[in-house]
Amino acid sequence: AGECWSGLGSSVGTFRYSANFKSKNYHVCTRDRVGSTRGPPESSLSPVLNRPAFIMKDTPLSTDERTFVLTAIEQSGLRLDARSLLDYRKVQIKFGDTYGHAEVSIGDTKALAQTSCEVVEPKANRPAEGVIRYHVELSPMAAPSFQSSGRPSDDATEIQRIVERTLRDSRAIETESLCIVAGEKVWSVSVDVTILDHDGNLADAAALAALASVVHFRRPHVDVIGNEVTIHPMDAHTPDALSVHHRPVCISFAFFGDNGIAVVDPTYKESEVSIGGLTVALNVHKEVCALQKLGGVSLSADQLRECLRVAHVKAVHLSEILSAALKADAAARKGDSERRPPSLAELKKQASLTRAAQHVAEAKMDFDDDDALSSHNETSGAWAHEAEAAVVSLGAGTAGLFSGTETTWE
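Now for a look at the structure at hand. Keep in mind it's a predicted model, so treat the numbers as computed, not measured.

## Some words on the environment of H285
Turning to its location among the elements, H285 is positioned in the loop between β17 (276-282) and β18 (288-295). Taking the C-alpha atoms as reference, H285 lies 9.6 Å from A315; in sequence the two are 30 residues apart.

## Details of helix α2 (residues 154-168)
Note that an α-helix has 3.6 residues per turn; residues three or four places apart therefore point the same way. Compared with an ideal rise of 1.5 Å per residue, which puts 15 residues at 21 Å, α2 spans 20 Å between its outermost C-alpha atoms and is within 8% of the ideal. Regarding α2, the residues found buried are A156, I159, Q160, I162, V163, E164, T166 and L167. Buried positions along α2 lie against β8 (131-138), α3 (202-216), β15 (249-256), β17 and β18.

## Remarks on the pattern of salt bridges
A full pass over the atoms with the stated rule returns 14 salt bridges. Across the pair K269 and E65 runs a salt bridge whose closest N-O atoms are separated by 3.5 Å. Of the two residues, K269 is situated in helix α4 (residues 268-273) and E65 in helix α1 (residues 63-76); the sequence distance between them amounts to 204 residues. On the basis of relative accessible area, E65 is assigned to the partly exposed category, the value being 31%. For R83, the salt bridge identified is with D81, shortest N-O distance 2.7 Å. R83 sits in the buried class, given a relative accessible area of 8%. D81 sits in the partly exposed class, given a relative accessible area of 36%. One salt-bridge network, in which partners are shared between bridges, spans D81, R83, R89, D199 and D265.

The rules behind the values
- Residues numbered from 1 in each chain as written.
- Predicted model: local features only at pLDDT ≥ 70, side-chain atom pairs only at ≥ 80, totals over all residues.
- Heavy atoms only, no water.
- Helix = DSSP H or I, 4+ residues; strand = E, 2+ residues; numbered from the N terminus.
- Expected span 1.5 Å × (residues − 1).
- Buried < 20%, exposed > 50% of the residue type's maximum accessible area, 1.4 Å probe, protein only.
- Contact = heavy atoms within 4.5 Å.
- Salt bridge = Lys/Arg side-chain N within 4 Å of Asp/Glu carboxyl O.

The structure is reproduced here in structure tokens:
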């Protein structure tokens, strides 16, 4: 038995532990700063170890920390991480092995997005349009205050609405291209965003992760012949990308002091001290897709125009980072596909290609007369068309197998 201070600071309080290690029964009482002792309710005991499951909260900023942050911004124009007021933190975008898996880091804030799809019936009022759903979850490991209560928290709902306004309401993704058979089958695309680490500016990280996941995602190719719908496996046919019209991103500001000093990409501590915030969603074409203002701070028209100007510069910067990450991922996947062994479908195409090449080569050797060659082409035309289709499917890498057979195809 004894007392110890919690590692999260004095705001949590002092804990007194007494344990019987043979029976593995743990009892914990908490003593707050005024000296009263509170024991855990029976409903909070863990069924595994019979110990309380504490609901942790973020450590509030002290008065000195608040004063230091405000003084540095208002008097010196500096921030805790040595950035200027309009500097953005380092942004990294990584893609996983599967299509639609994107990880975004803005400083120490990290978000993960995964896009998936399934075939469903369309809505009655929109029979020729697919469905796109967005979901944002705040992981408990991102911050102590993010607890899994079975329903979305207010913060998660607010971020989800920002993502929906940025991507869905701006019609960044064409929903008509998700239609398979009007009134019967459409694609339903789900974009799930999870906040992995919280150090402020969650809206920008969630929106950028969702956008990167959607742009990187590929859905199975579909062939519709009459009433027959064929969905090809991902390894048997080249998958299709979603139709993305533009790429809007979110840029967030925080305001400080009586004059409303604007700060780009606020951290967690800066957000706690700020008197208001503004999130702007726009693309590289200076088209404002969404705008959300938080807090009671009033902004003049000049301040709003300046924020929009800065937001456009940052949007171009984020778009360039996303484009570079997509190009790097495409190059890596191309290299992996060249090194990997051929699939069963590719082996079948290569076998058909070889048979067609042999058949056409024998025809050229056996028939020197133009009339005889013309009559033979009527019977071997099917082989030639199959070989030509195989060349188109396999790519230029196998075109060398048909050197010398172009005259026969003509």
